[in-house]
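What follows is the residue order along each chain.
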Amino acid sequence: MSLMFSSPETLTRQFEKNRRRVILSVVAVFLLAAPVWWVTTEVYRAPLPIADIRAWTKPQALRQKLAIDIDLHFSGLPEGQTSTDIAQDVNKQLAVIYQSAEEGHVHVDTTKEQASAGIVGEEIVVPNPDVRLSFNVQAAHNATGPPSENGRYSIHVSCQSSSAIPRIHVDAGRSVVIGLPHCNEDVVQTLVGTIAGLFADEQAAYRSILNPSNPTVNTDWDNMRTMKYARKYQLTLSLLVANPSDMIVGWDIKDAIDAYIHPFLDALNDISIFSVHSQVQNYATLPITPEATNKDGSDIHIIQPHVLPQFINSAQWNLASVVTMAPPINFILYIPSQSQKPLHLVKANGDILSTNAFLMPRWGGIVIANPEANSSTYHYDVQELLPFMEIFISQLRDLLGVKTIRIPNAHLILPGVKITYSQAPMTGITLWEHDRLVRWRTIQNIADAAITLNSLATLIERLESMVVLDIIQTQVLQALGSLQSAHTSLQSSSNHTQSSLHARAAITASESAFFDPTMVAMLYFPDEHKYAVYMPLFVPISVPVLIAVLREIKRWKQGRKKKEHAKKE
Amino acid sequence: MVFSQGHWWWASLLCLVWLGQAQAGVAITDESYNEDLRFTQLPDGKVLSEFKFIRRIGPLALAKVRDNHYSLLPRSVGEIVQTFGVEELHLTFTQGTWNHQKWGYSPLGAAAGVQLWSWFNTSSVDKQWKGLTHALAGLFCASLNQIDQSNTAQPLLSFLPEGDYGEELPQDVLELRYGSLPHEAVCTENLTPWTKLLPCQTQAGIASLFNAYRLFDGHYHSMGTHIRPIITDDAGRGMEFVQTLSVVLNPLRLDNRKDWSLSSLFERKIASACALASDTKVVVTVPSHPASTLNSPPLSVLTDSHERLSAHYNLDLSTPKDTDFGVTWEDSKVDHGVNRSRWYIDAHRYQTGYGGERGGLAVDLRNHHPTADLDIIYFEAIPWYLKLYLHTLRAETAADASHEIIKDMYYQPAIDRGRPAVLEMKMTLPANSTTTLHLEFDKAYIKYTEHPPDANRGFDIGAAVITFTAIPESPPSPHDIPPQVRIHTETVLVSLPTPDFSMPYNVITLTCTLMALYFGSVFNMLTRQYQPVIVKG
Amino acid sequence: MRADPFTAELKVPAARSAVAQSLSRPNSEDPVVRIPVWIGVVLRIILFFFTNASSFLQLRVEVSTPVTSWKRLREGLYLYQNGIAPYEGGVFHQAPLLLAIFNFLPPILIPILFIALDYAIARGLVEIAQYKRKLQIAEIWPAPTSDDSLIDAVPVEAPKPEIPSPENTPADSVAWLRKPASDDDVLQSTDDIPQSVHKRKNVNFASQEEDIVPPWLANDNCRLVQGDSAHAPINAPQLKPSDPTQPVDVILHPEDIGAMYLLNPYSIITCLSQSTLLFTLIAIVGGIQYAIKGNRNASMLFIAVAAYLSFYPAMMMAPAILLLSTQTSRPVMQALKSALPLFLAFLVALLGLSYLLVGTWDFLPSTYGVILSVPDLTPNIGLFWYFFIEMFEQFRPFFLCVFQIMVFIFVIPIALVFREHPLFVAYATTAIMAIFKSYPSVGDTALYLAFFTMHQELYKYMRNMFLVFNALFFASILGPLFHYLWVYAGSGNANFYFAITLVFGLAQIILLTDTGHALILREWERLHPDLRRKRVELVHQ
């Protein structure tokens, strides 16, 4: 009741004070509520290093050297020649060949070495702006065993070879043995030719990886059949029996796989890991009917090459797995029914395919077997499975991109030299092949990871209302990190196993980021709808508050003016 | 060819090491497969055909399966069992309701729609259960992935493990999950992948009778997939994988006679025995009165205690291709009456109340046994959008109320959008009486996004399951029915009150306008002042 | 409550006749027939024990919400007694201590308990009303210093407004100098025509009692004006009219408030439906009541209980603290400082007690969590349910926050502005709660209408009373009807019922603001004694 006798002026003053407090409190609530709005309605987007990602898509980002070390071991080197000189000459010429590749053409000079180098160049060097093999040939004096790391090789040159003609033997380890009757100047030639030749295909392969715009025919064909890289593959060997009522067929597949397939897979386990399944399916009918013909006296059934694409009866045969996401590689041993035996594949020219097998690019391989029906059951033991396993392995090599190491145009580069290649041990893959595969996959993974990250970046930039969780961010950062380290370790050290690991990490991280389920579950809510939701409440609420605040400010200014006036007077 | 014989010679040397085991592997095959087909002509003339495809995987084969080498067991099934640590799995796709009042009890009787229950032997069961439902959804082209936490239950009493686990007590180490989709429509696209799991698919054996047009034309159709552990010998634990299909067809519909044969029922004949089946049994069971003649001479005929003839056949590769089993009757009078002599317990569930706000469930549980009180287990899993009031649960019976009916009760209240309400009761039904359970619920008002596209159709509430031990002399053929008999009630269709789906924006605008009005007027009231203006009179 | 508009209109002339008779019989009250409080109790008893109204009303959406429904309480009780965690499921959302209460209560006593509660509420309201009556009597209207001298002093700014013709007639212009009623005319001359016409009645009425005016002018009133409120005589009604320029209010009769609460159909059906809301209501009323008595501990305890039962009443702290500060004549901040810790202490104690009772903290998300996040969208008379049925998922949390903030945003401003009128603050906060809480029911409306009835002196300053109470009336009739059409008959869809809840809310909002304006107007008039004589227009800016 204190206000009872207060004059209108005091009342007004009192009121003004209240009004200021009211406005303040309301505005305060608004300010406090703003974060709520932010927290509850923002689409969470973890920041991504877009610039770094983009940097990887520039051509020069992937341009790099691929260091290869080669140790030269000489035995019985004649006087006047030191292994180091030879090593330097070899280095020079290799440099000429592979550097000149940078500009994309080859110097042809008149001096002998250069000329031969020129020939070499014309014959084998593939101009490649991106990944360049850079060799570091050095003379090794203490004789060591075969190098243990991917990217370091040794060449043994023996100058007093018993045989009259020079021999080159590429053995299964990381070494080459060159036997020369006597070492004159062209030992350098031989070395250059050998080294350049051994790595020519690899060099060529890199071009098509990094700029697919100008692919050469053979690499294109290779890529077409080679599986896309994955950390884990699902290998499925299926025994398909057309009609078990003729003959029930079983196989000792477990033992066969342990004996033949696993050694090969173990040799590759630093690139990918494989889970091997096997199954038997009966009453597996073909979607195509083979033609019955009569070939030199016996009735046989043949399948023409052009119908092979329809061979797989994907509707009937349960080949897919329901649980794993790993890309499947299928191998099928097909036992035709009695009525269709013997079943043979024929070439385009009509004569029978000896292996009776064919490969489905990026899918798997099929072998057709015609066991003799002498009883109602037939069981393949490990021995009998051996030929099929051989075929499967060779198909698997193709599918995984294992390339046989050969020196192309050997007759031109190394005329009159006998070249022999020692076969793979029972792993089914030599170290040369393995190393090359590792390097190739490394380069490829780096490129793919860069592309994947790039498309991820574009996707995220396109859709503003897409949620980007922290997982994505961390995965992208991981990918970028391992990309960088792969890139550096490729050209610094000659141990490419390390870089392959980095590249693998990069591709895995980038893909898991790209295919993350949370990226799919994005809520898309167009802006005009947002306005329709917000406006009915917030426009009418904020207008009076704004007006009140503005008025208050005006009054305050006026009040100050008055005070000043008062002071003046 | 990359490999020269030279180096393979080494390889083959190494192989010799394996040969020993390989040969051994040939010798021991502890997998067996047999098929079993039973035709039973029911009192009302309908023909119940029960197909069973039984695969027994012994310890050795199971060991091979463990490292992913499959021969008789389908790979997809093996993978599922291993990946998700499934010990026991029972999945049924069912259309129509098994009329246990007229047809008696069937071991293959299942709840309408999809019913899945599985015992897990793993940690993080919920994750595995989710994975399992998704994998099965992919395998059978069914929307099993809709079984999530909000309609998954863990019954305590009703679904005991059916495999033999040796001496270890399974309930202690295993965990159970139960889910059902009453609304799921079963059709050919579920049947096809199911038949692809059969060793002979549909090309030989009894499965060659499968004619989708006829199968789905029946009164009742149930397609089951069951996995359970078995102990074959002391070599260790094996696994049994059984696929069952039971269908009730009505020969009277064609021409008003009870006569039937394979060709009349399925428009097919058994092409040939499945080559992989070690034996293929066919049993035709018919009432012994009135007189009837079998189309093909059986190996043996025997009469069981309930004056029914059952004729036994054996199929093998030598069986002529066009064998056509069937029965021809002297007269074609059928008995539509309900047979109480052997099937004492039946249940009937219906909805009470009216209006979109609240309702109730009522279940009639009848015990027709003249003298004996029978113990049953009643199980019900009710989705959260029916808010149960347990305190309204009451059991009324005509019999003397001297002894209470509900012996024991287990109730798990529902969580909104989280889990269903699970009610499980041990009850004793007085002899020759009808007990009625009453339970009230409120229908939840759910967000308009939670309504199905056909919102006004309503929601199906899954069948209640009544489990009990059949009285020894009651089952028609003892070796068929497991000691635990399960009968399922009807599914109930409940319609929830629906909002107006067309006007979210109107609602937002109107309500917000009201809010704004309140804010504006009060704010002005508080921040503005009355100012006098004198008016000269 | 529907009767109120009419009583409100009736009491003005009643007051004047009271004034008239007060000359002959000094200590008499106005002879309006009044209904005793016990009638409402009897009515409840009859409805409880001789009809099945209770079982019917328990299921009505208007009365029993998910957080107060008696059926759900029984479910919770059942689960609790059978050893199933009652808060695990999605059905029971009420405070644990309620379980404790009903756990031991024999069923026959339950209706009795609810009737008793309602009666207690009524008694509490009566006590509050007595305080209000004291204030009314003690309220002092400073008298105008003298008449004509001031007129020129006050600046004349506004353009001459058009004045309804009656005031211009010389007869009136003579009349209004003396007649108290006529300054209503002036104050409200901006109103639309029906209002001013309706006011003319008062003028005529007043003019009939002109003969009794002289004796009032005779006795001198300056002592009273200077005298402070403390010594204001209790039977002031006779003396009041001595200042002819102040409106003549009926002095409210406390019993009426109780009776009106108990006879309010809203409160009747709330009681019959055995809604546990009654516990909240009595806690609120108790809190105010003890605040008036100046008993800080008791009032804080009660408000803590109310907040514990249904969260929102925490905002009743505002009026309670204002009352405490006026009653104990301490500054507000000091009162707050002393009271707030008490409140929190009691609240914590109650929560701890509940924890001891159910042995788990699950009840927190399942009671307050439900009140705040509104997962159960069962229709009620409020604004939340349909909005959040239709709201898009990604805006849901945001608008939940906004709506909950809207409930509390004006509590402090109102307490600031109406600091002098704690009871009005109580009225405003209860009203805001009733309109904007997440699960409102008519019980809340009944409570703040009771507070509304205490402010009878405001009625004649209000402009939309007729509109408001018609809207409330029709909404109360049509609400159940449309709900039936939607849920049972299926011939109407949800929008019908939603529209009615909108109307209901709108009416209440208008009532709230209207009352506020009325109070401000009256205060202005009271505190500007010299302008009371002038023909003044007020502009709200």
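Looking at an unreviewed UniProt entry, one finds chain C named Phosphatidylinositol glycan, class U and attributed to Powellomyces hirtus. As its UniProt record puts it under Pathway (unreviewed entry), chain C is described as follows: "Glycolipid biosynthesis; glycosylphosphatidylinositol-anchor biosynthesis." What the UniProt record of chain C gives under Sequence similarities (unreviewed entry) is the line "Belongs to the PIGU family."

Under an unreviewed UniProt entry, the name given to chain B is Phosphatidylinositol glycan, class T, and the source organism is Powellomyces hirtus.

> How should the interface of chain C and chain A be read in this particular structure?
Interface size, as often reported, equals the accessible area lost upon joining of the parts. Each partner contributes residues to the interface: chain C has 25 residues there, and chain A has 27 residues. For the chain C and chain A pair, buried surface summed over both sides reaches about 2500 Å², with 79% attributable to carbon and sulfur atoms. Of all residues in chain C, Q394, F395 and F398 of chain C give up the largest surface area on contact with chain A, accounting jointly for 23% of the area buried on that side. Linking chain C with chain A are 0 salt bridges, by the criterion used here. Across the contact surface, chain C and chain A share 1 residue pair in polar contact (both at pLDDT 80 or more).

> How should the packing of helix α2 (residues 50-57) of chain A against helix α11 (residues 431-462) of chain A be read in this particular structure?
Geometrically, a packed helix pair is captured by the angle between its two axes and the distance between the axes. All names here are of chain A. Look at α2 against α11: their axes get within 9 Å of each other, and the N-to-C directions meet at 135°. Judged on the interaxial angle alone, α11 and α2 are oblique. The two elements α2 and α11 meet at a crossing, and its hand is left-handed. In contact with I50, I53, R54, W56 and T57 of α2, α11 contributes A450, L453, N454, A457, T458 and E461. Residues belonging to the contact of α2 with α11 are distributed by class as follows: 6 nonpolar, 3 polar and 2 charged.

> What is the right way to read the sheet that holds strand β9 (residues 291-295) of chain A from this model?
All names here are of chain A. Within the open sheet, the 3 strands sit side by side as β9-β10-β12. Their pairing is mixed. Of all strands in the sheet, those bounded by a partner on one side alone are β9 and β12 (343-345). On average, adjacent strands in this sheet sit at an angle of 50° to one another, irrespective of strand direction. Both strand β10 (residues 298-303) and β12 contribute to a ladder of 3 bridges, which runs parallel. Within the sheet, the bridge partner assigned to I302 lies in β12 and is H344.

> When you look at the domain arrangement of chain B in this model, what are you seeing that I'm missing?
All names here are of chain B. We note that the domain assignment places domain 1 (29-329) and domain 2 (346-494) within chain B. A straight line from the C-alpha centre of domain 1 to that of domain 2 covers 26 Å. Tallying the contact residues gives 31 residues for domain 1 and 37 residues for domain 2. Interface area, domain 1 with domain 2, both sides summed: about 2700 Å², of which 59% is carbon and sulfur. Of all residues in domain 1, the largest losses of buried area upon contact with domain 2 belong to Y105, L157 and S158, amounting jointly to 22% of the total for that side.

> What's the story with the confidence of the model for chain C in this structure? I'm lost.
Detailed reading of predicted coordinates is not advised where the pLDDT is low. Residue and element names in this part refer to chain C. When the pLDDT values of chain C are averaged, the result is 79; 76% of them are 70 or greater. For the stretch residues 1-28, pLDDT sits under 50, and the model shows 37 contacts to residues farther than four places along the chain or on other chains. ipTM for the predicted complex: 0.81, alongside a pTM of 0.83.

> What's the story with helix α22 (residues 396-408) of chain C in this structure? I'm lost.
The α-helix advances 3.6 residues per turn, and as a result positions three or four apart in sequence lie on the same side. The end-to-end C-alpha separation of α22 of chain C is 19 Å, in line with the 18 Å expected for 13 residues at 1.5 Å each. Within the span of α22 of chain C, buried status applies to R396, F398, F399, L400, V402, F403, Q404, M406 and V407 of chain C.

Procedures and definitions
Residues numbered from 1 in each chain as written. Chains lettered and ligands numbered in written order. Predicted model: local features only at pLDDT ≥ 70, side-chain atom pairs only at ≥ 80, totals over all residues. Heavy atoms only, no water. UniProt positions renumbered as here; feature names shortened; annotations may be inferred. Contact = heavy atoms within 4.5 Å. Buried area = accessible area lost by both parts, 1.4 Å probe. Salt bridge = Lys/Arg side-chain N within 4 Å of Asp/Glu carboxyl O. Polar contact = N/O pair within 3.5 Å; in protein donor to acceptor, adjacent residues only side chain to side chain. Axes fitted to C-alpha atoms, helices over the stretch in contact; angles between N-to-C directions. Helix = DSSP H or I, 4+ residues; strand = E, 2+ residues; numbered from the N terminus. Parallel < 35°, antiparallel > 145°, perpendicular 65-115°, else oblique. Left-handed = near helix turned anticlockwise from the far one by under 90°. Nonpolar A, V, L, I, M, F, W, Y, C, P; charged D, E, K, R; others polar. Pairing = 2+ DSSP bridges. Domains from an automatic or database assignment. pLDDT = per-residue confidence, 0-100. Expected span 1.5 Å × (residues − 1). Buried < 20%, exposed > 50% of the residue type's maximum accessible area, 1.4 Å probe, protein only.

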